[in-house]
Amino acid sequence: MTNSSNKYILLVMTAAFLSACSVTKNYERPTTISTDKLYRDQTSADTTTIADMPWQTVFKDEKLNALIQKGLDQNLNLKNAIENIVQARASLRQSKLAYYPTLQLDANATHTKQSEAGLNFPAGININTLTTTYKLGLSTSWEADIWGKLSSSKRAALATYLASDAAKQAVQTQLISDIANNYFRLLAYDKSLKITQETLESRIKNVATIKELKEGAIVTGAAVVQSEANQHAAEVLIPDLKQSIRETENALNILLGQAPGPIDRGNLDSQIVPENLALGVPSQLLENRPDVRQAEFNFRTAFEMTNMAKTYFYPSLTLTASGGFSNLELKDFFANSVFYSLIGGLTQPIFNQGINKMRLTQAQSQQVQAYNNFQQSLLTAGQEVSNALYTYQMAVEKEDSRAKQIEALIKAVDYTQQLLEYSSATNYTDVLTSEQNLLAAQLSGVNDNLQKLQAVVNLYRALGGGWK
């Protein structure tokens, strides 16, 4: 074996030895804030959570489920999130290819005319200053991953890929939540419109009744005017409700990735919520919430970028080889025309230490920011769970009282109307007040039901449901 070969073997062995002395660190999940109190006063050791339930099970309305499926198939934001995954996957594959040597094919013909005066040969010597050189060769280059730069680059690309996948899952959970919330809002507008239209029909009849009572001298003209104003007060609510219905339908169509149009839907009274809104334990947010997972993967990317920044302070080893055929005559191209070269070199930065220091400082600062964002995402997740659960509890708490209030107001309207017809002990102001209070209570009851349904949707999303 030649001395030249021995030198290259020694160089490769040295590189392998140095690679064991990597200056980079292995990633470990950072310490997070205590998750025990993330749900405020809600504590449980049971890991059962509605986040593990498929959305088809959480929502019982088949028409809603059909809309959600259409949204998952057609929503443009979700499609863009999927394209982000494609791009991140390509970057990951590129980082893996950096481990392998490059290989290039070089084929060229060079036609050269040299200056006789520039050659400065003695007079009388005949020199051919016009030459054509033909060359065919291969060249390869390989950088040894001595300090872990390439490994950190690959791990950073992997973390970016996983973050893009988690981002897609976050878009999906938000999409399901947005479709369900808009669907329930649409059903609430439908019911409010129905209640208002029925109220309007009743008030139109009431105006006719008051006019008859005036003719019988039971009420005054003021009562007639008040009854007409009461009728118009109901009328003016209808256009706003219809506009809200139209805008909500259009918003739903955008989520479905289609042009504006009517939405096939059920009704508010037939909606069923899950019987057991299990929360699980707060620490499960680290695995169930896509945005929390995305924030951790972003931190992991920043961690690996810091690793990479450290490696720039150390020399890099590059092995380069090239070889092939070169000849001045094309007809004898392969005759005695072999050439090759082997180059191995260590490159140690000297005058760019300031750049390397600033690169490391920047990477470390970005890592701190990524860590803070990770912590913030966990706090936000806990807040959203606490808010959604409490909203649901308050909506349930209002149900019984609201039902009793509406029942009492219906009786109040009946009693005051009867008293107005058969007794002078009351006046139309009492009827007017009871009717207005009844409509307000009925519309508030619709909002209470909507609040409960949307709280379930928001709780499901807050716990990380919808992407599994």
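See the structure above.
Figured I'd write up the structure that's included with this text. Every value quoted in this text rests on a predicted model; they were computed, and no experiment measured them.

Okay, empty space enclosed by the protein next. All told, the structure shown has 2 cavities of 30 Å³ or more when counted by the stated rule. Approximately 70 Å³ is the volume found for the largest cavity. Val58, Phe59, Lys60, Asp61, Leu64, Phe184, Gln271, Ile272, Val273, Pro274, Leu453 and Val456 together form the lining of the largest cavity. Tallied by class, residues from the lining of the largest cavity come to 9 nonpolar, 1 polar and 2 charged.

A word on the side chain of Thr248. Relative to the helices and strands, Thr248 is located in helix 8 (residues 237–255). The exposure class assigned to Thr248 is buried, which follows from its relative accessible area of 7%. Non-local contacts of Thr248, meaning those with residues more than four positions away in its chain, are made with Asn182, Arg185, Leu186 and Tyr189.

A contiguous nonpolar surface patch, about 410 Å² in accessible area, is contributed by Leu103, Leu105, Leu136 and Leu138. Residue assignment for the nonpolar patch shows that the elements contributing at least two residues are strand 1 (102–113) and strand 2 (130–144).

As a further point, take helix 4 (residues 76–97). Here helix 4 is 22 residues long and its end C-alpha atoms lie 32 Å apart, about the 32 Å a rise of 1.5 Å per residue gives. Packed against the buried residues of helix 4 are helix 3 (62–74) and helix 6 (149–215). Two to three positions downstream of the cap, the backbone nitrogen of Asn77 sits 3.1 Å from a side-chain oxygen, assigning the N-cap of helix 4 to Asn75.

Here the focus is the side chain of Asn356. Its place among the elements puts Asn356 in helix 11 (residues 353–422). Residue Asn356 is classed as buried on the basis of its relative accessible area, which comes to 2%. Side-chain polar atoms of Asn356 contact the backbone oxygen of Tyr312, separated by 3.2 Å.

Positioned with a positive phi, Arg40 is a non-glycine residue whose angle comes to about 65°. Mapping Arg40 onto the fold places it in the loop between helix 1 (3–19) and helix 2 (55–58).

Definitions and limits used
- Residues numbered from 1 in each chain as written.
- Predicted model: local features only at pLDDT ≥ 70, side-chain atom pairs only at ≥ 80, totals over all residues.
- Heavy atoms only, no water.
- 1 Å grid on protein atoms, 1.4 Å probe; cavity = no way out; pocket = protein on both sides within 12 Å on 5 of 7 lines; lining within 4 Å.
- Points joined across faces, edges and corners; volume = space filled by probe spheres on them.
- Nonpolar A, V, L, I, M, F, W, Y, C, P; charged D, E, K, R; others polar.
- Helix = DSSP H or I, 4+ residues; strand = E, 2+ residues; numbered from the N terminus.
- Buried < 20%, exposed > 50% of the residue type's maximum accessible area, 1.4 Å probe, protein only.
- Contact = heavy atoms within 4.5 Å.
- Patch = residues over 30% accessible without salt bridge, like charges linked within 9 Å, V, L, I, M, F, W, Y side chains within 5 Å.
- Areas by Shrake-Rupley, 256 points an atom, 1.4 Å probe, with all protein chains shown as cover.
- Salt bridge = Lys/Arg side-chain N within 4 Å of Asp/Glu carboxyl O.
- Expected span 1.5 Å × (residues − 1).
- Polar contact = N/O pair within 3.5 Å; in protein donor to acceptor, adjacent residues only side chain to side chain.

Keep in mind that these numbers describe shape and distance, not what the molecule does.
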